[in-house]
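If you want the building blocks of each chain, they are given just below.
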Amino acid sequence: MNDMSASPSASQIHHGALPITDARVIITCPGRNFVTLKITTAEGTYGLGDATLNGRELAVAAYVQEHVCPLLIGRDAHRIEDTWQYLYKGAYWRGGPVGMAAIAAVDVALWDIKAKVAGLPLYQLLGGACRNHVTVYGHANGETIDDTIAEARRYQAMGYRAIRLQTGVPGLASTYGVSRDKMFYEPADAHLPTENVWSSEKYLRSVPPLFAAAREALGWDVHLLHDIHHRLTPIEAGRLGKDLEPYRPFWLEDATPAENQAAFRLIRQHTTTPLAVGETFSSIWNCKQLIEEQLIDYIRATVVHAGGITHLRRIAGLADLYGVRTGCHGATDLSPVSMAAALHFGLSVPNFGIQEYMRHTAETDAVFPHAYGFEGGMLSPGEQAGLGVDLDEALAAQYPYRRAYLPVNRLEDGTMFNW
Ligand code: CS2
Ligand code: MG
């Protein structure tokens, strides 16, 4: 006989369980918007998870607050994998950036709680350190090649061993990735989207001279990276990769949109320059073909946008089979909670490659006090139990949400871009 009362339930509380008593979303804008989930347990331990989706923040906030928080109350905070499966499979609507950011926030908050209860920094629960520190790359950008190289020298002097170079494109009024404020670049800049004008021809002419000048000025003992922000067709990206080969870039990032993963075959046929992609991916299904066919060298999926630590470890596991290394997105729209999670992940994952590090402003750092620190071109998550990040709620409340959008691009004839 089927005894329904004896059937296992996801919310069943076992011996040693840690029931969740409160779950709520905190939105703050200390210079930019951040959405954070705070989960509290019966014995008072709490965990934080980042749920920020740049330019669409309130969609995730509502998803978490209205549709996920009610499911969490009473559940055992220790059941991280089961909660992940419940939220992913139980929703019926799987995947997507909004849903996966919501699941990520829960997942990271639960890992934070588990590590705090264990009294260990999170990386210890993920198998322990596979390396001493997490190598990061910083952003050097400028209007001209000379400005960019001057910035890169400043980064070298700060100890960075890997530097992303972006420069203004002659003939274009503005270039995404090139900021006015050097240390704290924020691409989401307007109450309504800014419209930029783009020319692939002008851009393609501008990058090889930047790399030639950079190698001449900075030498060969520094990794140089470049982000295309999905602006090229595959064959154009193949040509740029080929043109840059003499300067040995560490990677070319987001060469072309990746909805069609097979598009990367064309780039691969034409260049040996390493390829990185994935900051917009929300699931292993967005990169399965890219990884299995070894069409990329670095997978840039992140904790916050790809379903949390639980799912990112699954992606890294697949990538490891095919010699693909991690290179997680780490722009300022990923909160210090995400940065800390990325560092625990990066320290512990065998096939770590590099971690992006765009510094947060002092305002953001004050709202999110954290244990991680930078030294000699590397970050360490610190030894605090859990993630090692807190949220000063009183301070956060002083910075109300402000709508902000990423810019959009049109070609010189007005065509909406990218292709
Ligand atoms: C960029 C980001 O850091 C990067 O690699 O591509 O500036 C990205 O465009 C933003 O994080 C989008 O939210
Ligand atoms: Mg990028």
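Cut-offs used in this document
- Residues numbered from 1 in each chain as written.
- Chains lettered and ligands numbered in written order.
- Predicted model: local features only at pLDDT ≥ 70, side-chain atom pairs only at ≥ 80, totals over all residues.
- Heavy atoms only, no water.
- Near = heavy atom within 4 Å.
- Polar contact = N/O pair within 3.5 Å; in protein donor to acceptor, adjacent residues only side chain to side chain.
- Areas by Shrake-Rupley, 256 points an atom, 1.4 Å probe, with all protein chains shown as cover.
- Nonpolar A, V, L, I, M, F, W, Y, C, P; charged D, E, K, R; others polar.
- Helix = DSSP H or I, 4+ residues; strand = E, 2+ residues; numbered from the N terminus.
- Expected span 1.5 Å × (residues − 1).
- Buried < 20%, exposed > 50% of the residue type's maximum accessible area, 1.4 Å probe, protein only.
- Axes fitted to C-alpha atoms, helices over the stretch in contact; angles between N-to-C directions.
- Parallel < 35°, antiparallel > 145°, perpendicular 65-115°, else oblique.
- Left-handed = near helix turned anticlockwise from the far one by under 90°.
- Contact = heavy atoms within 4.5 Å.
- Salt bridge = Lys/Arg side-chain N within 4 Å of Asp/Glu carboxyl O.
- pLDDT = per-residue confidence, 0-100.
- Pairing = 2+ DSSP bridges.
- Donors = N, O, S within 2.8 Å, 3.2 Å for Na, K, Ca; no water.
- Arc of directions from axis to C-beta.
- Phe/Tyr/Trp six-rings, centres within 6.5 Å; stacked < 30°, edge-to-face > 60°.

Tyr176, Glu253, Glu279, Asp333 and Glu356 are the nearest of the 15 residues found near ligand 1. Here an oxygen atom of ligand 1 and a side-chain polar atom of Glu253 are 2.8 Å apart. The side chain of Glu279 places a nitrogen or oxygen atom 2.6 Å from an oxygen atom of ligand 1. Relative to its unbound accessible surface of 340 Å², ligand 1 loses 94% to contact with the protein. Looking at side-chain class alone, the shell around ligand 1 contains 4 nonpolar, 4 polar and 7 charged residues.

Let us look at helix H11 (residues 336-348). The end-to-end C-alpha distance of H11 is 18 Å, a good match for the 18 Å that 13 residues give at a rise of 1.5 Å each. The element H11 is largely enclosed, with a buried count of 13 among its 13 residues.

Right, let's talk about the packing of helix H5 (residues 145-157) against helix H6 (residues 200-218) for a bit. Their axes nearest at 10 Å, the elements H5 and H6 cross at an angle of 40°. One finds that H5 runs oblique with respect to H6. The handedness of the crossing between H5 and H6 is right-handed. Mapping the contact onto sequence places Ile145, Thr148, Ile149, Ala152, Arg153 and Gln156 in H5 and Pro209, Leu210, Ala213, Ala214, Ala217 and Leu218 in H6. Residues of the contact of H5 with H6, tallied by class, amount to 9 nonpolar, 2 polar and 1 charged.

Moving on, we get to the pattern of salt bridges. Counting across every chain of the model gives 17 salt bridges. Arg154 is the partner of Glu151 in a salt bridge, and the nearest nitrogen-oxygen pair spans 3.2 Å. You can see Glu151 and its partner Arg154 sitting in helix H5, 3 residues apart, about one turn around the helix. The class for Glu151 is buried, based on a relative accessible area of 8%. The shortest N-O distance in the salt bridge between Arg164 and Asp227 comes to 3.0 Å. With Arg164 in strand E5 (residues 162-167) and Asp227 in strand E7 (residues 223-227), this pair connects stretches of sequence that are 63 residues apart.

Residue placement: Ser348 occurs in helix H11. At 2.9 Å, the side chain of Ser348 forms a polar contact with the backbone oxygen of His344. Ignoring any residue separated from it by four or fewer positions in sequence, one finds Ser348 in contact with Tyr123, Leu126, Gly128, Cys130 and Arg131.

Moving on: the confidence of the model for the protein chain. For the protein chain, the average pLDDT comes to 94, and 95% of its residues sit at 70 or higher. Contacts from residues 1-8, a stretch scored under 50 in pLDDT, to residues over four places away or in other chains number 1 contact.

Here we come to the sheet that holds strand E15 (residues 408-411). The strand order E6-E15-E16 describes an open sheet built from 3 strands, whose pairing is mixed. The open sheet terminates on both sides in strands that have one partner only, identified here as strand E6 (195-198) and strand E16 (416-417). Judged from the 2 bridges that link them, E15 and E16 form a sheet pairing that is antiparallel. The residue bridging Asn409 from the neighbouring strand is Phe417, located in E16.

Attention now moves to the coordination of the magnesium ion (ligand 2). Protein ligation of the magnesium ion (ligand 2) involves Asp227 (OD), Glu253 (OE) and Glu279 (OE), the donor distances falling in the range 2.0 to 2.2 Å. Here the donor residues of the magnesium ion (ligand 2) share one chain and are spaced in sequence as D-x25-E-x25-E. Of this pair, Asp227 sits in strand E7 while Glu279 sits in the loop between strand E9 (275-277) and helix H9 (288-292), placing them 52 residues apart in sequence. For Asp227, a relative accessible area of 3% gives the class buried.

Below, the discussion takes up helix H2 (residues 80-90). Listed in full, the buried residues belonging to H2 are Ile80, Thr83, Trp84, Leu87 and Tyr88. Taken around the axis of H2, the buried residues stretch over an arc of 125°, which confines them to a single face. One or two positions beyond H2, positive phi appears at Tyr92, with a value near 75°.

Turning next to the packing of aromatic side chains. Two aromatic rings are characterised by how far apart their centres lie and by the angle between their planes. In the structure shown here, the tally under the stated rule is 11 aromatic pairs. With a centroid separation of 6.0 Å and an interplanar angle of 25°, the aromatic rings of Tyr357 and Phe374 are classed as stacked. Of this pair, Tyr357 sits in the loop between strand E12 (355-356) and helix H12 (362-367) while Phe374 sits in strand E13 (residues 373-375), and the two are 17 residues apart along the sequence. Counting every residue linked through ring pairs, the aromatic cluster contains Tyr137, Phe250, Trp251 and Tyr298.

Here we come to the sheet that holds strand E1 (residues 20-28). With respect to topology, 3 strands assemble into an open sheet ordered E1-E2-E3, the strand pairing being antiparallel. Strands with a single pairing partner mark the edges of an open sheet, and in this sheet they are E1 and strand E3 (46-50). Neighbour-to-neighbour, the strand axes of the sheet open up by a mean angle of 20°, direction not taken into account. As paired strands, E1 and strand E2 (residues 34-41) are joined by 8 bridges and run antiparallel to one another. From the neighbouring strand, Ile26 faces E2, where its bridge partner is Thr36. Across the sheet, helix H1 (residues 57-72) touches E1 and E2, and the angle it forms with E1 is around 170°.

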